[in-house]
Amino acid sequence: MKILVMCKQVPDPDIKVKLNADGTGINTDGMKFVVNPFDEIANEEALRIHEKNGGAEVVVLGIGPKDITTQIRSCLAMGSNRGIHVVTDDVIDPDNVARIIQKVMDDEKPDLVLIGKQAVDDDSGQAGQILSALTGYPQACYASEIVLDDGKTKATVTREIDGGLETIDVNFPAIITADLRLNEPRYASLPNIMKAKRKEIKALSLDDLGFTPSPKVKLISLTAPPERQAGVIVKTVDELVDKLINEAKVI
């Protein structure tokens, strides 16, 4: 069995992001980047499937600039087998991400593709669904539990929907997107960190894949949210209601 896992490079969610002076993007000077947390959950689930179901090859795919190999090796240090790096400095929208993954799938032919349900930088949450439409593979989005059958030909997936949970079966090959409650990613041990340095990361260009990006989404500008104003203490209920109506305009 082969599992393909996505690994996106995102700014560390625990640091404050600053914008460029012209508002066309974020200032990456001194920026710390990490694996998208939902992709890290997807990688952990692939490793658990490997451990519970008699072994599986876990291949990590990253799309981005040269330094994304740091994040790919973070996934390899958790226990994944090898990596693939599609090298590009272009800003790739979800539609093109899905099309690049499809190109890699044509060569790798995975039984299962695991992707984080969204990236914490743009929160698009579209790549998995678009990939399913392109390939015709069944999809199960927002998975909170994945159980494989004995023959490893299908998965029973519990997914989070508005108002509750839904359980569905998907036959392999399939695409599943990982939600926050699917698992708690493991910490990489020191021996595995050392082993990850020797694991293969195959570099591919967009030309190698025969793909030319044609973005459907263009980023026009970014604007920082307004500074939060200091709160005030009101003395009466009437004063509170007046401020809610006339200042906050929430009622």
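Everything below is about the structure printed above this text.
Residues numbered from 1 in each chain as written. Predicted model: local features only at pLDDT ≥ 70, side-chain atom pairs only at ≥ 80, totals over all residues. Heavy atoms only, no water.

## What about the overall build of the protein?
The test is simple: Working definition: helices are DSSP H or I runs of at least four residues, strands are E runs of at least two. Numbering for both runs from the N terminus. For each residue, the accessible area found with a 1.4 Å probe, counting protein chains only, is set against the maximum for its type, and the residue is called buried under 20%, exposed over 50%, and partly exposed in between. Here, residues are in contact when the closest pair of their heavy atoms is within 4.5 Å. Where accessible areas are quoted, they stem from the Shrake-Rupley method and a 1.4 Å probe; at the residue level, only the protein chains shown are allowed to cover. The positive count covers Lys and Arg only, the negative count covers Asp and Glu only, and His and the chain ends enter neither. A charged residue contributes its charge at one atom only: NZ of Lys, CZ of Arg, CG of Asp or CD of Glu.
Regarding its fold elements, the protein presents six helices and 11 strands. Summarising its shape, the C-alpha atoms of the protein cover approximately 65 × 40 × 40 Å along the three principal directions. Here the protein holds 251 residues, and 40% of them are scored as buried. Taking as baseline every contact in the protein between residues at least 6 positions apart, the subset at least 24 positions apart corresponds to 69%. Accessible surface, the protein: about 14,300 Å² in total, of which carbon and sulfur atoms supply 51%. Taking the 30 positively charged and 39 negatively charged side chains of the protein as two groups, their mean positions are separated by 4 Å.

## A closer look at the sheet that holds strand β8 (residues 154–161)
Spelled out, the test is: Should DSSP find at least two bridges between two strands, the strands are regarded as paired. Between the N-to-C directions of two axes lies an angle of 0 to 180 degrees, each axis being a line fitted to C-alpha atoms and, for a helix, fitted only over the stretch in contact.
Sheet architecture is open: nine strands sit in the order β9-β8-β7-β10-β6-β1-β4-β5-β11, paired in mixed fashion. Among the strands making up the open sheet, the edge pair consists of β9 (164–171) and β11 (201–205). When strand polarity is set aside, the average angle formed by the axes of neighbouring strands in this sheet is 35°. Where helix α1 (residues 37–52) meets the sheet, it contacts β1 (2–7), β4 (57–64), β6 (112–116), β7 (139–148) and β10 (174–178), and its direction lies at approximately 145° from that of β6. Helix α2 (residues 69–78) rests against β1, β4, β5 (82–87) and β11 of the sheet, and its axis sits at about 160° to β5.

## So, the side chain of Glu44
Put simply, the test is: Whenever two N or O atoms come within 3.5 Å, that pair is a polar contact, provided that in protein one can donate a hydrogen and the other can accept it, and provided that, for residues adjacent in sequence, both atoms are side-chain atoms.
Here Glu44 lies in helix α1. The class of Glu44 is buried, set by a relative accessible area of 2%. In terms of polar contacts, Glu44 uses its side chain to reach the side chain of Arg186, at 2.7 Å. Ignoring sequence-local partners within four residues, the contact set of Glu44 consists of Met78, Asn183, Glu184, Pro185 and Arg186.

## Some points on the pattern of salt bridges
Pairs can form between side chains of opposite charge whenever their charged atoms are close. What counts is decided by this rule: By definition, a salt bridge exists where a carboxyl oxygen of Asp or Glu is found within 4 Å of a side-chain nitrogen of Lys or Arg.
Scanning the entire structure with this criterion turns up 16 salt bridges. Among the salt bridges present, the one from Lys32 reaches Asp12, with a minimum N-O distance of 3.6 Å. Within this pair, whereas Lys32 is found in the loop between β2 (9–11) and β3 (33–35), its partner Asp12 is found in the loop between β2 and β3, the two being separated by 20 residues in sequence. Judged by its relative accessible area of 49%, Lys32 falls in the partly exposed class. In this structure Asp12 comes out as buried when scored by relative accessible area, which is 10%. Of the charged contacts in the structure, one is a salt bridge between Glu57 and Arg82, with a shortest N-O distance of 2.6 Å. Of this pair, Glu57 sits in strand β4 while Arg82 is found in strand β5, placing the two residues 25 residues apart along the sequence.

## Re the state of the cysteines
Our working definition: The disulfide criterion is simple: two cysteine sulfur atoms within 2.5 Å.
A full pass over the atoms with the stated rule returns zero disulfides. The closest cysteine sulfur to the non-disulfide-bonded Cys7 is located on Cys75, 4.0 Å from its own sulfur. Of all cysteine sulfurs in the structure, the one in Cys7 sits closest to Cys141, which takes part in no disulfide; the separation is 20 Å. On the basis of relative accessibility, which here comes to 6%, the residue Cys141 falls in the buried class.

## A short note on a nonpolar patch on the surface
Worth spelling out the cut-off: Patch criteria: residues need more than 30% relative accessible area and no salt bridge. Like-charged residues are merged within 9 Å; nonpolar side chains of Val, Leu, Ile, Met, Phe, Trp and Tyr are merged within 5 Å.
Where nonpolar side chains cluster on the molecular surface, the patch consists of Val237, Val241, Ile245, Val250 and Ile251 and spans about 460 Å² of accessible area. Mapped onto the elements, Val237 comes out in helix α6 (residues 237–246).

## Examining the nonpolar core
The cut-off we apply is this: Remark: nonpolar core denotes a set of buried residues (Ala, Val, Leu, Ile, Met, Phe, Trp, Tyr, Cys) joined through side-chain atoms within 4.5 Å.
If you look at the biggest cluster of nonpolar residues, it comprises 25 residues, and the most contacted ones within it are Ile3, Leu112, Leu114, Ile146, Ala155, Val157 and Ile176. Secondary structure elements with two or more residues in this core: β1, α1, β6, β7, β8 and β10. In terms of residue count, α1 provides more of this core than any other element does, six residues in total. With sequence-adjacent residues up to four places away left out, Val157 is seen in contact with Ala140, Ala143, Glu145, Ile146, Glu166, Thr167, Ile168, Val170 and Ile176. Core analysis: the second largest hydrophobic core is formed by 24 residues, Ile92, Ile100, Val113 and Leu209 among them.

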